[in-house]
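Next come the chains, spelled out residue by residue.
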Amino acid sequence: MNNKYLSKTTIRENYEAYGEYFAKILQNILLVLQDKIHLSAQPTYKWRIKRFESYYKKVLKKEAGKIGNVNSLICLTDMLGIRLICAFLEDINLAVSQIKEIFEIKEVEVKGTEKNFSEFGYESIHVLVKIPEDCFPEKDERFESLMPLEGQLVCEIQIRTILQDAWAEVEHELIYKTEFSPFDAPLRRKLAAINASLSLADITFQEIRDYQKKLQKEVEERRQSFYSIADNLLDERPKQKLSEEPINRVSPFVQGTIDDLLLRAIEAHNQGNLEGAVQIYSRIIESVPESEKTVISVIRKHRGMAYFSMNKFDDALQDFNISIECDPKAFRTHYYKGIVLSIQKKYKEAIDSFTTSLEINEFQAHTHFRRALAYFEINEYENSMNDLDAAIKLGMKPEEYKFLQEKLVQKFGMNM
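Residues numbered from 1 in each chain as written. Predicted model: local features only at pLDDT ≥ 70, side-chain atom pairs only at ≥ 80, totals over all residues. Heavy atoms only, no water.

(A) Main features of the pattern of salt bridges. Under the defined criterion, the tally for this structure stands at 13 salt bridges. The residue Glu104 makes a salt bridge to Lys130 at a minimum N-O spacing of 3.9 Å. Separated by 26 residues along the polypeptide, Glu104 in the loop between helix H4 (90–102) and strand S4 (105–111) and Lys130 in strand S5 (residues 124–130) bring together distant segments of the chain. The exposure class assigned to Glu104 is partly exposed, which follows from its relative accessible area of 44%. Look at Lys130 and you get partly exposed, because its relative accessible area is 31%. A salt bridge links Asp165 to Arg160; its shortest N-O distance comes to 3.9 Å. This pair shows no difference in class: Asp165 is buried, exactly as Arg160 is. Sharing partners across several salt bridges, the network here consists of Lys8, Arg12, Glu16 and Glu53. (Salt bridge = Lys/Arg side-chain N within 4 Å of Asp/Glu carboxyl O. Helix = DSSP H or I, 4+ residues; strand = E, 2+ residues; numbered from the N terminus. Buried < 20%, exposed > 50% of the residue type's maximum accessible area, 1.4 Å probe, protein only.)

In structure tokens:
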């Protein structure tokens, strides 16, 4: 009888004895990933130790002559796996680049690229990493009796989107796990159609994400311009030179849609083409049904800001008021309305608007500050000081509030 090789039962016992050891390694690597991977949206993680039957089957196929070696347990590259699941396609490459900065990379493989368009399958990036020394378990007598490992133990990190992961889970159950690839043409077409739909959905999600980023960039530029104009008109602090540098332009999202028109209007606004911006905003308002209160509120707010930049304060107020009627909880619109009323020296009305804004969202440093300015103008210095203190506690920068603080110190000094 040849005793050179171990039985399958003994190999199973040796392999499964490593369960706790492998689990500790994966948990330590997972902690590193959670600490150091930063994507546009928080990723989720799954981890697994390869099941013995899968391990045994794969080793039989690749290393049949070594599998029962009495002296060691063969390592496979996919024995330990972590799946990093991200929301958007853009996060995949970002995750890979960050993993390369954290670990020593043994191999990067893109799965699924070999399939043609008519086949079902989904791409996934697999990164093999060397396990850092500090991710191995500390010495423990429970692990001293484990059979030595043959080959280098590595960890496979799979990076996928949520939809890619969903497809992989189903595909594993329907095809890979059963070792069955349907030959029936209608079934193959259905699977290919599902795969294509998921791929298209991923691409569409990314396009929407890109659009949101571009729009947010334009909106933030326009908002800062609004505040700068307000500061200059109110003559509250040293004059600020408005930037004449255009920000990076962005391409339309979908031609002719409300999203496309809104982006074009804000671009025109930021470029100083206020008349053009108002025309596009007006076109949107005319095309939106009155029942679409949320859309009307947003567009009226944007057009009001354009009117403000044109010094058409009454028109701006009218748009802000309609915007608020459509969405009473729009705290920023109440804030913008308060700024216009302050410029018109209607300080008590401005205070009412700022107060309403703060009742909706109290954590607004600049709204507290604007209300402090309005209180100062009507000689309510204690209220002004209270609002200024709130603005400072909420993180307002000293260079923004110092001039008002100095005025209040003088007023309180005179009254003492």
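(B) Looking closely at the confidence of the model for the protein chain. Mean pLDDT over the protein chain works out to 83, with 83% of the residues at or above the 70 mark. The secondary structure element of the protein chain with the lowest average pLDDT is helix H7 (residues 185–234), at 74, and the one with the highest is helix H13 (residues 347–360), at 96. For the stretch residues 116–120, pLDDT sits under 50, and the model shows 13 contacts to residues farther than four places along the chain or on other chains. (pLDDT = per-residue confidence, 0-100. Contact = heavy atoms within 4.5 Å.)

(C) Layout of the nonpolar core. Formed by 43 residues in total, the largest nonpolar core has its most connected members in Ile29, Leu33, Tyr55, Leu84, Ile99 and Ile159. Of all elements in the fold, only helix H1 (8–16), helix H2 (19–36), helix H3 (52–62), strand S2 (73–74), strand S3 (80–86), H4, S5 and strand S7 (154–161) reach the threshold of two or more residues within this core. A total of seven residues in this core trace back to one element, the largest contributor, which is H2. Ignoring any residue separated from it by four or fewer positions in sequence, one finds Leu33 in contact with Tyr45, Ile82, Ile99, Phe103 and Ile157. Core analysis: the second largest hydrophobic core is formed by 41 residues, Ile284, Ile296, Tyr307 and Leu317 among them. (Core = buried A, V, L, I, M, F, W, Y, C linked by side-chain atoms within 4.5 Å.)

(D) Region of the structure containing the sheet that holds S5. With mixed pairing, five strands are arranged side by side in an open sheet as S1-S3-S7-S5-S4. Where the open sheet ends on each side, the last strands, each with one partner, are strand S1 (44–49) and S4. Along the sheet, successive strands turn relative to each other by an average axial angle of 20 degrees, direction set aside. Here S5 pairs with S7 via six bridges, running antiparallel. When the bridges of S7 are listed, Leu128 appears paired with Glu156. Where H2 meets the sheet, its contacts fall on S1, S3 and S7, and the angle it forms with S1 comes to roughly 160 degrees. (Pairing = 2+ DSSP bridges. Axes fitted to C-alpha atoms, helices over the stretch in contact; angles between N-to-C directions.)

(E) The arrangement of unusual backbone geometry in detail. Although it is not a glycine, Asn311 sits at a positive phi angle of roughly 65 degrees. Here Asn311 is to be found in the loop between helix H10 (293–309) and helix H11 (313–326). For Asn311, a relative accessible area of 46% gives the class partly exposed. Notably, Lys345 is not glycine yet its phi reads approximately 65 degrees, a positive angle. Along the chain, Lys345 falls in the loop between helix H12 (331–343) and H13.

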